[in-house]
Amino acid sequence: MFDKLIHHKNKFILITVLSFVLGGSLFFINSTPTRSEKPAEITPTIFVHGFKGGPGSFNTMLKRFEDNNWGTKRMIIYVKSSGHVRVRGGIPHTMNPFIQVIFENNRASVADQTNWMQHIMTKLKHDYAIDQVNLVGHSMGGLASTNFLLNNQEGDYPDVNKLVAIGSPFLGIGQSDYFTLNTGEAVVDLQVESNALTTMINNKANFDEDVPALSIAGVVNEEDLEEDHWDGLVTKQSAHGLQNIVPTRNFHQETFIDEFSTHSGLHEHPGVDESVAEFLWSIH
């Protein structure tokens, strides 16, 4: 009887020890990476929506990127109209992470959005030890991303590795009726030769000459010579106006010409997906 009790006791101790060892192993396997790892080895890509945009502006693009195994959306950053930054998710240091930025005030000025981008970058640098990022912006998101690069000399921010602007009106939007139908501070900045756009071009000397940039334009119908070569809102010339800011040796451009290359259709276009992937991550 006594021997049997000893046997059961030893068996219990053995099971307890094995459970502890197994549990500890699983904990370390599944635990979140710490700042002691080397975050410089990864480069998160930040996606910034445009005027009146929101989650839907990049949700389906990011889902396609995930389906192609190009990376994973790991973080969403919400920016309140006050500038307060709220983060959902985290950044693992072993994969290609995507970060989606959503502005509560999606009609704000270029100056406000640039200021919010600075808040975002500061948080990524200080709280998540991110040393470098890629920036992808659609429409006004491309303007805000570019203007951040023109105004990032003073702060402690991650370095920008590459910039992509999709359908961004660097020379403004030439449709007068567009500004009668829309409201918000952004409508002032989006006009041709606005102070915001002119200032960006005048400050081109501040653009880091080592940052490659890609501008993507859409043309719905290039054959109709009576129509502007545009995506229905932004002309090809305006979208490629980024070349007035980026040094020539680092400027790249792509133009998509088909019925699907509308302004909002560009972030749903498989050709745009492939161009972004090839430019950012050398995926062919």
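Up top you'll find the structure we're talking about.
Residues numbered from 1 in each chain as written. Predicted model: local features only at pLDDT ≥ 70, side-chain atom pairs only at ≥ 80, totals over all residues. Heavy atoms only, no water.

Another aspect to go through is the overall build of the protein chain. Helix and strand counts for the protein chain come out as 9 helices and 8 strands. Out of the 284 residues in the protein chain, the part that is buried amounts to 46%. Look at the contacts in the protein chain between residues 6 or more apart in sequence, and 76% of them connect residues 24 or more apart. Surface summary for the protein chain: the accessible area is close to 14500 Å², and the carbon and sulfur share equals 52%. (Helix = DSSP H or I, 4+ residues; strand = E, 2+ residues; numbered from the N terminus. Buried < 20%, exposed > 50% of the residue type's maximum accessible area, 1.4 Å probe, protein only. Contact = heavy atoms within 4.5 Å. Areas by Shrake-Rupley, 256 points an atom, 1.4 Å probe, with all protein chains shown as cover.)

Enumeration over the complete set of coordinates arrives at 11 aromatic pairs. The interplanar angle of 65 degrees and the centroid separation of 6.2 Å between the aromatic rings of Phe-47 and Phe-65 together place this pair among those described as edge-to-face. A residue pair is termed long-range when its members are at least 10 positions apart, and Phe-47 in strand 1 (residues 45-48) and Phe-65 in helix 2 (residues 56-67) qualify at 18 residues. Taken together through their ring pairs, the aromatic side chains of Phe-47, Phe-58, Phe-65, Trp-70, Phe-98 and Trp-281 make up a single cluster. Across from the ring centre of Tyr-78, 4.7 Å away, lies the NZ or CZ of Arg-86, which sits over that ring. Seen from the ring of Phe-279, Lys-162 lies directly overhead, with NZ or CZ sitting 5.3 Å from the centre. (Phe/Tyr/Trp six-rings, centres within 6.5 Å; stacked < 30°, edge-to-face > 60°. Lys NZ or Arg CZ within 6 Å of the ring centre and 35° of its normal.)

To continue, consider the sheet that holds strand 6 (residues 159-166). If you walk across this open sheet you meet the 8 strands as 3-2-4-1-5-6-7-8, and the pairing is mixed. The strands lining the two open edges of the sheet, one partner per strand, are strand 3 (85-89) and strand 8 (251-257). Looking at each pair of strands side by side, their axes are set apart by 20 degrees on average, direction ignored. Helix-sheet contacts for helix 9 (residues 270-281) involve strand 1, strand 4 (97-103), strand 5 (132-138), strand 6, strand 7 (213-219) and strand 8, and the interaxial angle to strand 6 is about 160 degrees. (Pairing = 2+ DSSP bridges. Axes fitted to C-alpha atoms, helices over the stretch in contact; angles between N-to-C directions.)

Following the criterion strictly, the structure yields 7 salt bridges and no others. Its salt-bridge partner being Glu-268, residue Arg-64 comes within 3.2 Å of it at the nearest N-O pair. Taken as a pair, Arg-64 in helix 2 and Glu-268 in the loop between strand 8 and helix 9 lie far apart in primary sequence, 204 residues in all. On the basis of relative accessibility, which here comes to 32%, the residue Glu-268 falls in the partly exposed class. Lys-123 serves as the salt-bridge partner of Asp-127, at 3.0 Å between the closest nitrogen and oxygen. In this pair, Asp-127 and Lys-123 are both assigned in helix 3 (residues 110-128), 4 residues apart and thus about one turn of the helix distant. The structure contains a network of salt bridges with shared partners spanning Arg-64, Glu-268 and Asp-273. (Salt bridge = Lys/Arg side-chain N within 4 Å of Asp/Glu carboxyl O.)

On to the pairing of strand 3. The pairing of strand 2 (residues 72-79) with strand 3 spans 5 bridges and is classified as antiparallel. Residue Val-79 lies in a different strand from strand 3, and its bridge partner there is Val-85. Hairpin connection between strand 2 and strand 3: a loop of 5 residues separates the two successive antiparallel strands, and Gly-83 in this loop has a positive phi of roughly 100 degrees.

With 11 of 11 residues buried, helix 4 (residues 140-150) lies mostly within the body of the structure. Residues Met-140, Gly-141, Gly-142, Leu-143, Ala-144, Ser-145, Thr-146, Asn-147, Phe-148, Leu-149 and Leu-150 constitute the buried set of helix 4.

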